[in-house]
Amino acid sequence: MWSSVALPALLLVLGSTYNVWSLNPDDPNVCSHWESYAVTVQESYAHPFDQIYYTRCTDILNWFKCTRHRISYKTAYRRGVRTMYRRRSQCCPGYFESGDLCVPLCTEECVHGRCVSPDTCQCEPGWGGLDCSSGFEMKSCRGMLSGLKLK
C-alpha cells in the first residue's frame, strides 16, 4: 500500500507534468474550436475461412465419401484507428494565456498605465498617448474656474 508520504509526493510529480490550469469557457476572452485526434481501438470483424466437410456420395473411388467446401465466418480482432473530436479552449486573438486567465496583449508596452484590451492602454492620471508615454499637465480646477462666478 502507499505510504502517507509517497502518495502525495507521487501526485505532486504527476501534477507538475500536466497543465493544471484550465481556461474558463464562460470567460468572454476565451474562444473554443473543435479539434480532431486519432485513437487506436481494437475492433471485431467477421473473418471468412474455408471450412472443409465430408458427405456421403456415389464416388466409389473415395469410398463413398466426398469432400465439400463452404465459407464460414469466425470473429477476429484487428486494430483500427478512429477519429474523435473534442472541444479545445484557447485565448481569443489579441489575448494570451496566463495561468487560468486570458489577459490582453499590447504590442507596445503601456509605459504609465496598463493594458486593458488588445493594443489598448488605460493611462495613469497625467499621462496619455497610445502607450501612455506622453505626460501632460493637468490644470487645477481653481485655475479653470477663476473666471466663473458661483451663485
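Quick note: structure is the one above.
Reading the values: the criteria
Residues numbered from 1 in each chain as written. Predicted model: local features only at pLDDT ≥ 70, side-chain atom pairs only at ≥ 80, totals over all residues. Heavy atoms only, no water. Helix = DSSP H or I, 4+ residues; strand = E, 2+ residues; numbered from the N terminus. Buried < 20%, exposed > 50% of the residue type's maximum accessible area, 1.4 Å probe, protein only. Contact = heavy atoms within 4.5 Å. Areas by Shrake-Rupley, 256 points an atom, 1.4 Å probe, with all protein chains shown as cover. Phe/Tyr/Trp six-rings, centres within 6.5 Å; stacked < 30°, edge-to-face > 60°. Lys NZ or Arg CZ within 6 Å of the ring centre and 35° of its normal. Salt bridge = Lys/Arg side-chain N within 4 Å of Asp/Glu carboxyl O.

Peer 1: Explain the overall build of the protein chain to me, and be specific about the residues and the numbers.
Peer 2: From N to C terminus, the protein chain includes two helices and eight strands. Along its sequence from the N terminus, the protein chain presents helices and strands in the succession α-β-β-β-β-β-β-β-β-α. By residue count, 14% of the 151 residues in the protein chain fall in the buried class. In the protein chain, of all internal contacts separated by at least 6 residues, the share reaching a separation of at least 24 is 47%. Only carbon and sulfur atoms are counted for the fraction: they give 56% of the accessible area of the protein chain, which is about 13100 Å².

Peer 1: Describe the packing of aromatic side chains, listing the residues and the values that go with them.
Peer 2: Evaluation of the coordinates by the stated rule reveals zero aromatic pairs. Residue placement shows Lys-65 over the ring face of Tyr-54; its charged tip is 4.9 Å from the ring centre. Its guanidinium or amino end placed over the ring of Phe-49, Lys-74 lies 5.8 Å from that ring's centre, counting from NZ or CZ.

Peer 1: Report on the pattern of salt bridges, specifying residues and quantitative values.
Peer 2: What the rule picks out here adds up to four salt bridges. Across the pair Glu-43 and Arg-78 runs a salt bridge, and its minimum N-O distance is 3.2 Å. Taken together, the residues Glu-43 in strand 1 (residues 30-56) and Arg-78 in strand 2 (residues 65-91) connect sequence positions 35 residues apart. A relative accessible area of 42% places Arg-78 in the partly exposed class. Glu-43 is the partner of Arg-82 in a salt bridge, and the nearest nitrogen-oxygen pair spans 3.1 Å. With Arg-82 in strand 2 and Glu-43 in strand 1, this pair connects stretches of sequence that are 39 residues apart. When salt bridges with common partners are traced through the structure, they connect Glu-35, Arg-86 and Arg-88 into a single cluster.

Such coordinate-based values are descriptive only and should not be taken to indicate function.
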